[in-house]
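Single-letter residue listing:
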Amino acid sequence: MPDTDSNTAAGFVPQSSIPQISIPPISLRRRVMDHVMTGVAVLTVALVLLPLFAIFAYLVYKGIGSINLAFLTQIPKPPGEPGGGMANAIVGSMVILAIASLLGVPLGIGAGIFLSEYGRNRYGDIVRFVSDVLNGVPSIVIGIVAYGLVVMRQKHFSALAGGVALAIMMVPTIARTTEQMLLLVPQAIREAAYGLGVSRWRTTLSITLRTATSGVITGVMLAFARVAGETAPLLFTAFGNQYWNWRTDQPTAALSLQIFTYAISPFDEWHRQAWAGALVLIVLIVGAVAAVRIAVKHGTLAGA
Amino acid sequence: MSNQALPRPRFNAPNPEPGSKAALKVEARTTPLLQGKVSEVPDVAFGWAMRLCGLAVVALLGLIVYQLVVGSALSWHAFGWKFFGQSDWNPVSDQYGALPFMYGTIVSSLLALVIAVPLSLGVAVFITEMCPVSLRGILSFTTELLAAIPSVVYGLWAIFVLVPILREYVQPFLASTLGWTGLFSGPPYGIGMLAAGVILAIMIIPIISSITREVLTVVPQHQREAVLALGATRWEMIRMGVLRNARAGIVGAIILGLGRALGETMAVTMVIGNRPEIAKSLFAPGYTMASVLANEFTEATGDLYLSALIEIGLALFFVTIVVNALARLMVWSVTRGQPARSIA
Amino acid sequence: MGVGITVEHLNAFYGKTQALFDINIAVLANHATALIGPSGCGKSTFIRCLNRMHETIPEARVDGKVLIGDLSVYNGTSATQLRRRVGMVFQKANPFPTMSIYDNVAAGLKLNGFRNRKQLDEVVHKSLHNSALWDEVKDHLHKKSGASLSGGQQQRLCIARALAVQPEVLLMDEPCSALDPISTGKIEELIFQLKEQYTIVIVTHNMQQAARVAEFTGFFLLGKMIEFDKTEKIFTNPSDKRTEDYVTGRFG
Ligand SMILES: Nc1ncnc2c1ncn2[C@@H]1O[C@H](COP(=O)(O)OP(=O)(O)O)[C@@H](O)[C@H]1O
Ligand SMILES: [Mg+2]
């Protein structure tokens with residue numbers, strides 16, 4: 001992007017200071033138009049940033065006031081009763097996300113390896129196109145598919161079904177970012193390994209993938225953050241649960257589902273808890289992403 | 001150029017004289033530590049395992065289509081094309097028509113575009129063409145932060161902040177100034193099509209503006225300079241040198257935003273009012289394809305009811321795919337062949 | 001001890017374009033053989049055919065016969081197996097960026113499943129010693145990454161890495177072209193020593209370098225081997241007019 005800098009600077013030259021030799025003077029109307037459009041652009045930026053700050057400010061303000069120990073350790077009270085919390089939903093979200101990552105991350109990375117190492121051809125192009133298509137499928141539709149795949153077979157809603165739905169959503173994102181990151185690894189590094197008599201699979205895993213670890217992790221965390229707050233595909237897969245559940249084949253609570261249920265309920269107490277839940281959800285997402293990034297930085301990639 | 005035959009290799013060249021004295025003494029080779037035959041099997045197996053992963057991605061899409069088509073067969077046999085032309089949605093009499101949902105999806109998405117497009121373009125133009133370099137990174141980061149907020153949180157905020165504002169201030173104002181158009185009439189509930197459009201707009205701004213930025217930055221520098229050299233003001237340079245050259249890509253960005261809006265579920269469900277009606281006024285409640293799935297899927301008791309819902313899912317899937325494919329092609333038409341810049 | 005290399009009727013292709021035409025050559029064991037020629041004439045392609053690196057490029061293909069010692073390269077041996085006997089050093093130093101100096105040298109063994117810590121230590125020491133790098137890096141073997149070394153050190157690290165697998169042949173594709181004169185001198189010195197133990201094939205752009213390190217020299221032009229002889233003969237009394245034009249600088 002720095003290539004546009006010089007241009008921006010050129011564009012900033014005050015029009016009046018240009019020596020007007022043969023160029024006709026810029027009319028007042030045009031000069032006014034220039035300033036007006038600049039003003040309009042600044043205004044749009046303000047208009048876009050406004051809701052962002054409003055959302056964050058309101059979230060923190062409402063959320064912090066409602067988070068307490070009970071919220072983090074108790075399960076929901078019956079409708080209308082004060083107190084209670086979302087402990088089961090927090091755990092449920094973690095379980096569902098763990099299942100999704102377990103299924104989606106290896107598959108996505110595998111597909112990414114295929115795309116960069118074996119897919120520089122027509123078959124690869126097909127997979128690339130399909131990944132982009134999958135990326136655009138509405139999440140609620142993915143929910144229907146997971147319903148048909150898991151819920152219909154098991155005959156009841158489950159954390160597994162929710163995990164499957166989210167895994168399907170993770171795969172294309174991970175596949176495409178993994179591909180891009182592996183392609184950034186110079187061919188010379190692969191050849192160095194081949195030249196030592198290291199087999200292709202070993203080279204791919206221990207050299208190419210390892211060199212790209214940091215980028216691949218970023219891609220995985222991007223996909224994770226994207227699905228962590230998803231609600232629609234969980235509505236008829238994980239379904240939600242007002243009680244503790246430790247089995248992956250039973251209906252399971254999730255933070256996002258709980259926020260939804262509470263938000264559209266008529267109870268003030270639940271509205272407060274919805275805000276607290278939203279804050280916890282965002283903190284969990286940001287925390288997970290940061291934790292993984294820090295772990296990676298201090299782990300394998302210290303020398304890179 | 002002499003064209004003689006290639007010289008034959010010389011197999012017994014005389015030994016040359018030994019090299020000069022050296023400081024370094026190379027140690028003798030020993031038997032290699034790596035002994036034994038290398039098997040080709042793991043390599044072949046790994047290659048196929050990775051191909052299988054690639055195939056799985058294609059299979060996933062196949063699975064989605066299969067589930068949707070099979071699931072909606074019952075409804076398709078019962079109603080055929082009429083399904084998309086009827087506005088009757090009645091689980092009690094087992095009559096299902098998707099028209100109100102299609103209408104709601106289209107109107108809310110278009111409304112979102114009307115609001116989001118000028119704002120996104122303004123932001124993109126400001127960041128790439130006007131803003132001081134020091135602000136550029138932080139501004140793009142902040143707008144993209146909008147994309148990281150979960151849909152349900154947008155919905156929550158919309159219910160408790162946006163809807164009251166619309167009800168108290170915006171809707172009365174619109175009714176009194178533009179009420180005569182018929183688009184802004186009726187009781188100002190706050191909740192309804194307008195609220196859905198506004199929250200959708202906020203949600204798609206990051207997409208449209210980030211892809212537009214992507215597209216604007218690949219417009220070659222000489223296009224800008226050519227226009228500036230003619231004595232254009234900065235705005236004229238942006239309009240003629242930049243925006244015009246990036247047209248196809250910008251349209252692509254807008255269509256990508258549309259694709260996202262069409263399938264967006266939670267935030268819309270929380271504020272649109274969820275009534276399967278077709279009303280001219282944007283103040284009136286509505287329903288979208290995604291919201292009806294969210295609300296009724298788990299309650300659908302009859303087989304035909306469930307099948308009708310899945311058919312709505314199939315239609316939604318189909319429309320978003322077409323819209324996305326179209327958008328990708330348009331964005332590529334601008335960014336492809338440009339110096340290495342990755343499109344996320 | 002190194003082994004000799006015999007190449008007969010070797011043709012190499014990139015898709016439909018042929019890059020090498022009927023190459024015949026016999027490389028003597030435990031000597032350095034230089035390959036010279038204008039850029040684009042197929043030197044790299046040729047040297048990459050000797051350890052089957054050529055075929056890692058999509059659509060690339062080879063026919064003909066190559067023998068490393070008595071091992072037939074294109075006949076029944078796996079490429080991985082072959083490359084353990086034929087080490088390679090590339091034009092641009094390419095240490096593994098995420099690995100320490102130690103791990104870079106040990107990579108060939110470790111990645112092939114060799115785990116004996118004591119023997120690894122020995123091999124790493126010996127390889128770094130043989131590539132004249134030991135004294136410069138011995139204090140931070142594990143602390144510094146391979147990528148943190150200077151260009152010349154990186155190239156010697158790559159040589160150490162290749163030596164650690166204990167090949168019989170060492171292929172070097174313009175190993176000094178990106179280095180300063182001092183580093184180049186060090187590596188030439190090294191080549192001089194290494195050929196007592198290894199058979200060395202070195203591609204070079206620099207005719208003085210060929211004259212300094214190699215007993216034999218082959219001249220390539222447009223994918224053909226024009227002349228192959230003792231280095232002295234190539235530079236003082238070539239039998240082909242085109243070789244003469246090239247070595248006297250009247251060419252390209
Ligand atoms: N990856 C490749 N794909 C297609 N052609 C190639 C490739 N690499 C090299 N070539 C062609 O093969 C010929 C020989 O190249 P190369 O062996 O690299 O020459 P040298 O090393 O002597 O400079 C050149 O004409 C070059 O254009
Ligand atoms: Mg070369």
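Scroll up to find the structure.
Not measured: the values here are computed from a predicted model.

> Is there a simple way to explain the interface of chain A and chain B in this structure?
Think of interface size as the accessible area that goes away when the parts come together; that is how it is often given. Between chain A and chain B, the residue contacts involve 83 residues of the former and 81 residues of the latter. Where chain A abuts chain B, roughly 7,400 Å² becomes buried across the two surfaces, and 78% of that area is made up of carbon and sulfur atoms. Remark: the boundary between chain A and chain B carries 1 salt bridge. Residues Glu236(B) and Arg30(A) are paired through a salt bridge, measuring 2.6 Å at the closest nitrogen-oxygen approach. Across the chain A-chain B interface, the total number found is 8 residue pairs in polar contact (both at pLDDT 80 or more). In terms of residue count, the dominant contributor to the side of chain A that touches chain B is helix H2 (residues 28-66) of chain A (19 residues). For the side of chain A that touches chain B, the class distribution of residues is 59 nonpolar, 18 polar and 6 charged.

> Would you take a moment to explain the sheet that holds strand S6 (residues 86-89) of chain C for this structure?
Strand pairing in a sheet takes place through backbone hydrogen bonds and is either antiparallel or parallel in direction. All names here are of chain C. On the basis of which strands lie adjacent, the open sheet formed by 6 strands has the order S6-S7-S8-S3-S9-S10 and mixed pairing. With one partner strand each, in any of the chains shown, S6 and strand S10 (224-230) form the two edges of the open sheet. In this sheet, adjacent strand axes meet at a mean angle of 15° when their direction is disregarded. As paired elements, strand S9 (residues 216-221) and S10 share 6 bridges and run antiparallel to each other.

> Help me understand the packing of helix H4 (residues 87-118) of chain A against helix H10 (residues 213-228) of chain A, please; the structure alone is not making it clear to me.
The description of two packed helices rests on the angle between their axes and on the distance between the axes. All names here are of chain A. Orientation of H4 relative to H10, taken along the N-to-C sense of each, is 140°, at an axis distance of 11 Å. One element, H4, and the other, H10, form an angle in the oblique class. The interaxial crossing formed by H4 with H10 has right-handed handedness. Contact with H4, carried on its side by Leu97, Ser101, Val105 and Ile109, involves Val216, Val220, Phe224, Val227 and Ala228 of H10 and no other residues of that element.

> I tried to follow a nonpolar patch on the surface on my own but got confused; where do I start?
Together, Leu28(A), Val32(A), Val36(A) and Val40(A) give the surface a local cluster of nonpolar side chains, amounting to about 340 Å² of exposed area. Along the chain, the position of Val40(A) falls in helix H2.

> Would you mind going over the packing of aromatic side chains with me for this structure?
Two aromatic rings are characterised by how far apart their centres lie and by the angle between their planes. Inspection of every chain in the model, using the stated rule, returns 25 aromatic pairs over all chains. On the basis of an interplanar angle of 50° and a centroid distance of 6.2 Å, the ring pair of Trp81(B) and Phe84(B) is categorised as tilted. The exposure class assigned to Phe84(B) is partly exposed, which follows from its relative accessible area of 21%. The lysine or arginine in question, Arg161(C), covers the ring of Phe96(C), its NZ or CZ lying 4.6 Å from the ring centre. It is Lys195(C) that lies over the ring of Phe192(C); its NZ or CZ is 3.9 Å from the centre.

> Looking at this structure, I do not really get the pairing of strand S4 (residues 60-68) of chain C. What am I missing?
For a regular strand, the rule is simple: side chains alternate between the two faces of the sheet. Residue and element names in this part refer to chain C. Pairing of strand S1 (residues 5-14) with S4, which is carried by 8 bridges, proceeds in the antiparallel orientation. Each bridged residue has a counterpart across the sheet, and for Thr6 the counterpart in S4 is Leu67. Taken together, the 2 bridges between S4 and strand S5 (residues 71-72) define a ladder with antiparallel strand orientation. Its bridge partner lying in S5, Leu67 is registered against Ser72. Where S4 hands over to S5, the hairpin turn is made up of 2 residues, of which Gly69 adopts a positive phi near 60°.

> Looking at this structure, how should I read helix H10 (residues 289-296) of chain B?
Helical geometry: 3.6 residues make up each α-helical turn, so side chains three or four residues apart lie on a common side. Judged by how many residues are buried, H10(B) sits mostly within the fold: 7 of 8 residues are covered. Looking only at H10(B), the buried set comprises Met289(B), Ala290(B), Ser291(B), Val292(B), Leu293(B), Ala294(B) and Glu296(B). Contacts from the buried residues of H10(B) go to helix H6 (139-154) of chain A together with strand S1 (89-90), helix H2 (99-130), helix H8 (247-263), helix H9 (266-271) and helix H11 (303-335) of chain B.

> So what exactly am I meant to see when it comes to the site of ligand 1 here?
Residues and elements named next belong to chain C. Around ligand 1, the neighbouring residues are Tyr14, Ala19, Ser39, Gly40, Cys41, Gly42, Lys43, Ser44, Thr45 and Ile57. Contacts to ligand 1 include Gly42, whose backbone N or O atom sits 3.1 Å from an oxygen atom. Between Ser44 and ligand 1, the recorded distance is 2.6 Å, taken from a side-chain N or O atom to an oxygen atom. For ligand 1, the accessible surface in isolation is 550 Å², of which the surrounding protein chains cover 57%. Residue contributions to the shell around ligand 1 peak at 3 residues, all from helix H1 (residues 43-50). For the shell around ligand 1, the per-class residue count stands at 4 nonpolar, 5 polar and 1 charged.

The rules behind the values
Residues numbered from 1 in each chain as written. Chains lettered and ligands numbered in written order. Predicted model: local features only at pLDDT ≥ 70, side-chain atom pairs only at ≥ 80, totals over all residues. Heavy atoms only, no water. Contact = heavy atoms within 4.5 Å. Buried area = accessible area lost by both parts, 1.4 Å probe. Salt bridge = Lys/Arg side-chain N within 4 Å of Asp/Glu carboxyl O. Polar contact = N/O pair within 3.5 Å; in protein donor to acceptor, adjacent residues only side chain to side chain. Helix = DSSP H or I, 4+ residues; strand = E, 2+ residues; numbered from the N terminus. Nonpolar A, V, L, I, M, F, W, Y, C, P; charged D, E, K, R; others polar. Pairing = 2+ DSSP bridges. Axes fitted to C-alpha atoms, helices over the stretch in contact; angles between N-to-C directions. Parallel < 35°, antiparallel > 145°, perpendicular 65-115°, else oblique. Left-handed = near helix turned anticlockwise from the far one by under 90°. Patch = residues over 30% accessible without salt bridge, like charges linked within 9 Å, V, L, I, M, F, W, Y side chains within 5 Å. Areas by Shrake-Rupley, 256 points an atom, 1.4 Å probe, with all protein chains shown as cover. Phe/Tyr/Trp six-rings, centres within 6.5 Å; stacked < 30°, edge-to-face > 60°. Buried < 20%, exposed > 50% of the residue type's maximum accessible area, 1.4 Å probe, protein only. Lys NZ or Arg CZ within 6 Å of the ring centre and 35° of its normal. Near = heavy atom within 4 Å.

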